[in-house]
Amino acid sequence: MLIIGEKINSSHPKISRAIAGQDAAYLQKLAQEQVAGGAQMLDVNCGTVKNEPAAMDWLVKIIQEKVQVPLVIDSPNPEAIEAGLSRLSAGHQEQAMVNSITAEKERFEKILPLVKKYNAGVIALTMNEQGIPRTALERFTIAQNLQQITGDYKIPLSNLYIDPLVQPVASEPQQVIEFLESLRLIKTLPKAQTICGLSNVSFGLPNRSLLNAIFIAMCFGYGLDAAIIDPTDKNIMGAVRAAEALLNKDEYCLNYIKAYRESQL
Ligand code: THG
């Protein structure tokens with residue numbers, strides 16, 4: 001499974017202050033900790049900071065100084081996305097991802113030309129002008145539509161990750177089941193790749209780490225390819241490596257053993 005570190009996200013007040021105050025050392029440490037924990041990419045978001053494009057330019061610059069992994073530029077704002085993508089050094093642009101588009105025309109028609117220009121990947125949320133659908137079948141239909149839309153912009157399917165959007169189980173008890181079923185349906189589409197942000201599932205409940213860990217193992221069983229998670233959480237990383245070993249996605253359990261030796265689980 002492709003592991004994307006979630007922690008550099010300005011929706012968290014501490015991160016927002018660190019970006020606004022240009023505390024590079026703190027943010028670089030968070031980047032290094034996530035990579036040490038097993039993150040293969042890092043999500044970067046500065047949506048709450050004023051002058052988001054300038055903040056994104058700075059954030060990408062200081063993160064790249066310390067870690068080599070590709071970045072996920074997390075913003076709905078085309079100017080911030082372009083600031084981030086253009087700041088990436090040569091060779092890193094086509095490994096980057098943009099988080100995210102939806103099936104809403106106003107959003108994708110500004111963002112997809114940038115994704116194409118930089119040859120980046122893109123995360124597409126299964127929502128449209130009517131919001132997030134409640135059933136797996138409706139999300140599947142939007143996923144089909146998203147494959148068509150990105151295809152119209154000549155973006156290869158290998159650069160598209162479809163996100164059926166996790167809802168909190170505490171407030172939406174049936175939605176976790178619908179989410180899992182959407183993963184299964186979407187994976188029947190040719191070359192479909194799936195992704196989700198995980199921690200939303202446990203919002204408002206105690207011992208979130210336990211719920212997140214069990215949930216990611218379930219998602220993996222339904223065909224999840226990539227996850228935006230806290231890679232410094234050993235319960236979650238342990239669940240990822242265990243699920244990979246159990247589902248025969250880890251030959252001779254070598255990654256499981258390696259992660260254990262590196263104190264990642
Ligand atoms: N899909 C896509 N992108 C996303 C999400 C998604 N980006 C944002 C979000 N959801 C995933 N990222 C985060 C980033 C930070 C936090 C949660 C999700 C966070 N969590 C609290 C913290 O760290 O203190 C609590 C975490 C916990 O207790 O587990 O800050 O769904 N495409």
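Residues numbered from 1 in each chain as written. Predicted model: local features only at pLDDT ≥ 70, side-chain atom pairs only at ≥ 80, totals over all residues. Heavy atoms only, no water.

Here we take up the overall build of the protein. Looking only at helices and strands, the protein has 10 helices and eight strands in total. Taken against the 2.2 N^0.38 rule, which gives 18 Å for 265 residues, the C-alpha radius of gyration of the protein at 18 Å falls within 12% of a compact globule. Oriented by its inertia axes, the alpha-carbon framework of the protein measures out at about 45 × 40 × 35 Å. For the protein, buried positions account for 54% of its 265 residues. When contacts within the protein are restricted to residue pairs at least 6 apart in sequence, long-range pairs at least 24 apart make up 72% of them. Surface accessibility of the protein: about 12200 Å² in total, with carbon and sulfur atoms responsible for 54%. (Helix = DSSP H or I, 4+ residues; strand = E, 2+ residues; numbered from the N terminus. Rg over C-alpha atoms; globule rule 2.2 N^0.38 Å. Buried < 20%, exposed > 50% of the residue type's maximum accessible area, 1.4 Å probe, protein only. Contact = heavy atoms within 4.5 Å. Areas by Shrake-Rupley, 256 points an atom, 1.4 Å probe, with all protein chains shown as cover.)

Let us look at the site of the ligand. The local shell around the ligand holds 13 residues, among which Glu-6, His-12, Asn-99, Asp-163 and Gly-197 are the closest. Asn-99 is positioned such that a nitrogen or oxygen atom in its side chain is 2.9 Å from a nitrogen atom of the ligand. With respect to the ligand, the side chain of Asp-163 contributes an N or O atom lying 2.7 Å from a nitrogen atom. Summarising the interface, the protein chains cover 70% of the accessible area of the ligand, which totals 670 Å² for the free molecule. (Near = heavy atom within 4 Å. Polar contact = N/O pair within 3.5 Å; in protein donor to acceptor, adjacent residues only side chain to side chain.)

We now examine the sheet that holds strand β7 (residues 195–197). Within the open sheet, the eight strands sit side by side as β6-β5-β4-β3-β2-β1-β8-β7. Their pairing is parallel. Bordering the open sheet on either side are β6 (160–163) and β7, each of which pairs with just one other strand. Going from strand to strand, the sheet's axes swing by 25° on average, the running direction of each strand aside. Set on the sheet, helix α4 (residues 78–87) makes contact with β3 (71–74) and β4 (97–101); between it and β3 the angle comes to about 160°. (Pairing = 2+ DSSP bridges. Axes fitted to C-alpha atoms, helices over the stretch in contact; angles between N-to-C directions.)

Take the environment of Ile-142 next. Within the secondary structure, Ile-142 is located in helix α6 (residues 136–152). When its relative accessible area of 7% is taken as the criterion, Ile-142 is described as buried. Beyond its immediate sequence surroundings of up to four residues, Ile-142 is in contact with Ala-103, Thr-126, Met-127, Asn-128 and Pro-133.

Bringing the pattern of salt bridges into the picture now. For the structure on display, the rule yields 11 salt bridges. Lys-7 is paired through a salt bridge with Asp-230; the nearest N and O atoms lie 3.3 Å apart. Taken together, the residues span a long stretch of sequence, with Lys-7 in strand β1 (residues 2–9) and Asp-230 in the loop between β8 (226–229) and α9 (234–246) at a distance of 223 residues. For Arg-184, the salt bridge goes to Glu-181, with nearest N and O atoms at 2.7 Å. Of the two residues, Arg-184 and Glu-181 both sit in helix α7 (residues 175–186), three residues apart, roughly one turn of that helix. The class of Arg-184 is partly exposed, set by a relative accessible area of 40%. (Salt bridge = Lys/Arg side-chain N within 4 Å of Asp/Glu carboxyl O.)

Of all five residues making up strand β2 (residues 41–45), five are buried, and the element is well covered by its neighbours. Neither face of β2 is left uncovered, since the one carrying Met-41, Asp-43 and Asn-45 and the one carrying Leu-42 and Val-44 both have all their residues buried. Of the strand pairs in this sheet, β1 and β2 are connected by four bridges, and their pairing is parallel. Note that in β2 the partner of Gly-5 across the bridge is Leu-42. Two elements, β2 and β3, share three bridges in a ladder whose sense is parallel. Considered in β3, the bridge of Val-44 is made with Ile-73. Note on the crossover from β2 through helix α3 (residues 52–66) to β3: the handedness is right-handed. (Right-handed = clockwise from strand over helix to strand, strands pointing away.)

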